[in-house]
There are 2 protein chains.
Amino acid sequence: MARVSGQLDELGMLTALGAAIRSARQAKELSQEALADAAGIDRSHMGKIERGERNVTILNIARIAKALSSSPSTLLAAPNW
Amino acid sequence: MARVSGQLDELGMLTALGAAIRSARQAKELSQEALADAAGIDRSHMGKIERGERNVTILNIARIAKALSSSPSTLLAAPNW
């Protein structure tokens with residue numbers, strides 16, 4: 001897990017999660033709006049999640065993962081996690 | 001991921017996450033209070049998380065994972081996820 005002198009690099013973790021979601025979305029050639037709709041998440045909220053601006057709940061991560069045919073573990077496997 | 005006729009079994013997922021946290025805590029012979037303190041989480045909130053009664057944020061999962069010398073991916077590797 002990303003550490004900043006013994007502390008969790010929480011901002012870095014959220015940014016890494018957002019980047020992992022974005023790259024999985026782009027790999028499936030989905031627009032951000034299409035992913036938000038498929039996951040049942042508000043479109044502007046999805047944008048903030050991808051930019052690492054939200055401390056996402058685990059069920060929203062699961063909904064996003066399902067919409068991407070992925071899993072929370074895979075999305076959280078990014079190096080910062 | 002746990003599915004209930006195509007839908008995510010969200011209650012089952014939270015229960016599985018709580019159980020994974022509990023078994024990792026017990027394996028380290030930590031009390032629930034000690035884990036809550038180490039993760040910087042309110043003790044009663046920790047109890048609700050372990051019982052699957054809370055849609056936990058990813059940073060709280062990361063804090064709990066760190067306190068357990070584990071990772072969010074490991075805690076989310078339970079079969080229901």
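Given the structure is predicted, the values throughout are model-derived calculations rather than measurements.

Q: Could you clarify how one ought to interpret unusual backbone geometry in this entry?
A: Generally, phi is negative for residues other than glycine and the peptide bonds are trans, each holding for most cases. A positive phi is found at E29(A), a non-glycine position, where the angle reads about 55°. Locating E29(A) in the fold gives a position in the loop between helix 1 (10-27) and helix 2 (32-39). In the Ramachandran plot, S69(B) falls in the positive-phi region, its phi being about 55° despite a non-glycine side chain. Position of S69(B) relative to the elements: it lies in the loop between helix 4 (58-67) and helix 5 (72-75). A relative accessible area of 61% places S69(B) in the exposed class.

Q: Please explain the side chain of N60(B) as it appears in this structure.
A: Topologically, N60(B) is positioned in helix 4. Setting aside chain neighbours within four positions, we find N60(B) in contact with I41(B) and H45(B).

Q: So what exactly am I meant to see when it comes to the side chain of Q32(B) here?
A: Residues and elements named next belong to chain B. Looking at the secondary structure, you find Q32 in helix 2 (residues 32-39). Judged by relative accessible area, Q32 falls into the buried class, the value being 19%. Once residues within four sequence positions are removed from consideration, Q32 is found in contact with R22, R25, R43, M46, G47 and E50.

Q: Help me understand the pattern of salt bridges in this model?
A: Close approach of charged atoms lets side chains of opposite charge pair. All names here are of chain A. Scanning the model with the defined rule gives 10 salt bridges over all chains in all. For R43, the salt bridge goes to D37, with nearest N and O atoms at 2.7 Å. Among the salt bridges present, the one from E53 reaches R51, with a minimum N-O distance of 3.0 Å. A single network of salt bridges, built from pairs that share partners, joins R22, R25 and E50.

Q: What exactly am I supposed to notice about the interface of chain B and chain A here?
A: Reports of interface size often rely on the accessible area that becomes lost once the parts have come together. With 25 residues of chain B at the interface, the matching set in chain A holds 25 residues. Of the roughly 2000 Å² buried between chain B and chain A, counting both surfaces, carbon and sulfur atoms make up 68%. Broken down residue by residue, the surface that chain B buries against chain A is led by I58(B), L59(B) and K66(B), which jointly contribute 28%. Taken together, the connections running from chain B to chain A amount to 13 residue pairs in polar contact (both at pLDDT 80 or more). Put simply, the parts of the chain that give the side of chain B that touches chain A at least two residues each are helix 1 (10-27), helix 4 and helix 5 of chain B. Residue contributions to the side of chain B that touches chain A peak at 7 residues, all from helix 4 of chain B. Within the side of chain B that touches chain A, the residues separate by chemical class into 15 nonpolar, 6 polar and 4 charged.

The rules behind each value
- Numbering of residues starts from 1 in every chain and runs along the sequence as written.
- By the order in which they are written, chains take letters starting at A while ligands take numbers starting at 1.
- Confidence filtering applies because this is a predicted model: local features only for residues at pLDDT of at least 70, side-chain atom pairs given and counted only at 80 or more, and all residues used for totals across whole chains, interfaces and linings.
- Excluding hydrogens and water, the side-chain values take into account all heavy atoms of the structure.
- Secondary structure elements follow DSSP: runs of H or I of four or more residues count as helices, runs of E of two or more count as strands, with numbering from the N terminus.
- Buried, partly exposed and exposed residues are distinguished by accessible area as a fraction of the type maximum, computed with a 1.4 Å probe on protein chains only: under 20%, between the cut-offs, and over 50%, respectively.
- What makes two residues a contact is simply this: any of their non-hydrogen atoms within 4.5 Å.
- Take a side-chain nitrogen of Lys or Arg and a carboxyl oxygen of Asp or Glu: if they are within 4 Å of each other, that pair is a salt bridge.
- Note on terms: buried area is the combined drop in 1.4 Å-probe accessible area of two parts once they are placed together, counting the loss on both.
- We call two N or O atoms a polar contact when they sit within 3.5 Å, provided that within protein one can donate a hydrogen and the other can accept it, with sequence-adjacent residues counted only if both atoms are side-chain atoms.
- For this classification, Asp, Glu, Lys and Arg are treated as charged, while Ala, Val, Leu, Ile, Met, Phe, Trp, Tyr, Cys and Pro are nonpolar and the rest, including Gly, are polar.

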